[in-house]
Amino acid sequence: MTIQEKLLSHACFPARFRKDSALPDKLAAIAACLIEGNARFNLTAITEPDAIVEKHLIDSLIAADKIAGMVGGAPLRLLDVGSGAGFPSLPIAAALPDLSVTALDSTAKKCTYMNETAAKANIPHFTAVSGRAEELAAPGAPMRASFDLVTARAVANLPVLCELCLPFLKTGGTFIALKGSNAPAEIDAAKGAIKKLGAALIGCEEYHIPSDDAPRYLVTIAKTGDTPRAYPRHYAQISKKPL
Ligand code: SAH
């Protein structure tokens, strides 16, 4: 079976994306780049085609489906923090061409890889930027308070992640964290951080992918006001003394 066939026959492929006939080819190109890139340098632990389809592409499309449900086709700016090999940002950009998608990662070679992949997969509204979130979101930095949507998957636990991600959002924007089975406990631990950073928890939606027994969660947090200038702190403080 081709990657395109595996995607379209997957039970979790979101219905709204079925009418986009160009999408399976773009996603297959992302998968091909990942397999080829992994042979050159270590991009991801997930390398087998079925696992790439489900754990990278479908998982990212589930987040894209949530975003489409929230914003429709609005031409908004989305930032994916700690994007790695481009998840969830590359599939989100492939599925939602009206968004302007920026992927941020501290490793420059991953950003080069993501930009090459976006070109090969024909996703022109995607740009990867190399840098550290806590520096690019600092007061006075151009990316602070400049995005409508922020996503992150597998970067840090929620209290740390909120300090890295929420300062990038405009007031009224939304942070969507793709989380594993520990999400409910992480939300409890992040309540103080969310409030201090000028935000409020909106929801925590459970979902499942067939190859994984453990539940996954889409945690949504609204930016309700400005983040105080004291945040984000230096990374050592963020991780040693979470808010
Ligand atoms: N989101 C991807 C990658 C997760 S691995 C996925 O789910 O597959 C975490 C990534 O976050 C790594 O590539 C790492 O380089 C990046 N990262 C960690 N801390 C960061 C920070 N403070 N700023 C920017 N990138 C960071």
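These notes cover the structure that comes with them.

Some points on the packing of aromatic side chains
Then, in step 1: In the structure shown here, the tally under the stated rule is two aromatic pairs.
Then, in step 2: Judged by centre distance (6.5 Å) and plane angle (85 degrees), the rings of F41 and Y113 are edge-to-face. Placement of F41 in the loop between α2 (23-40) and α3 (49-71) and of Y113 in helix α5 (residues 108-120) is noted, with a sequence separation of 72 residues between them. With respect to burial, F41 and Y113 carry one shared label: buried.
Then, in step 3: The cationic tip of R77 hangs over the ring face of F147; the distance from NZ or CZ to the ring centre is 4.3 Å.
Then, in step 4: Seen from the ring of Y235, R132 lies directly overhead, with NZ or CZ sitting 5.0 Å from the centre.

With respect to the pairing of strand β1 (residues 77-81)
Then, in step 1: In terms of burial, β1 is largely enclosed, as four of its five residues are buried.
Then, in step 2: The sheet contact formed by β1 and strand β2 (residues 100-105) spans five bridges and is parallel. Residue L79 lies in a different strand from β2, and its bridge partner there is T102.
Then, in step 3: Chirality of the crossover, the property in question, places the unit of β1, helix α4 (residues 89-95) and β2 among those that are right-handed.
Then, in step 4: Here three bridges tie β1 to strand β4 (residues 147-153), and the two strands are oriented parallel to one another. Note that in β4 the partner of D80 across the bridge is T151.

Some remarks on the site of the ligand
Then, in step 1: The ligand sits among 15 residues. The nearest are G82, F87, D105, E134 and R153.
Then, in step 2: Between the ligand and F87 there is a distance of 2.8 Å, counted from a nitrogen atom to a backbone nitrogen or oxygen.
Then, in step 3: Within the side chain of R132, an N or O atom sits 3.0 Å from a nitrogen atom of the ligand.
Then, in step 4: Relative to its free-state accessible area of 580 Å², the ligand is covered by the protein chains to the extent of 82%.
Then, in step 5: For the shell around the ligand, the per-class residue count stands at three nonpolar, seven polar and five charged.

Thresholds, definitions, all that
- Residues numbered from 1 in each chain as written.
- Predicted model: local features only at pLDDT ≥ 70, side-chain atom pairs only at ≥ 80, totals over all residues.
- Heavy atoms only, no water.
- Phe/Tyr/Trp six-rings, centres within 6.5 Å; stacked < 30°, edge-to-face > 60°.
- Helix = DSSP H or I, 4+ residues; strand = E, 2+ residues; numbered from the N terminus.
- Buried < 20%, exposed > 50% of the residue type's maximum accessible area, 1.4 Å probe, protein only.
- Lys NZ or Arg CZ within 6 Å of the ring centre and 35° of its normal.
- Pairing = 2+ DSSP bridges.
- Right-handed = clockwise from strand over helix to strand, strands pointing away.
- Near = heavy atom within 4 Å.
- Polar contact = N/O pair within 3.5 Å; in protein donor to acceptor, adjacent residues only side chain to side chain.
- Areas by Shrake-Rupley, 256 points an atom, 1.4 Å probe, with all protein chains shown as cover.
- Nonpolar A, V, L, I, M, F, W, Y, C, P; charged D, E, K, R; others polar.

Geometry only, nothing functional implied.
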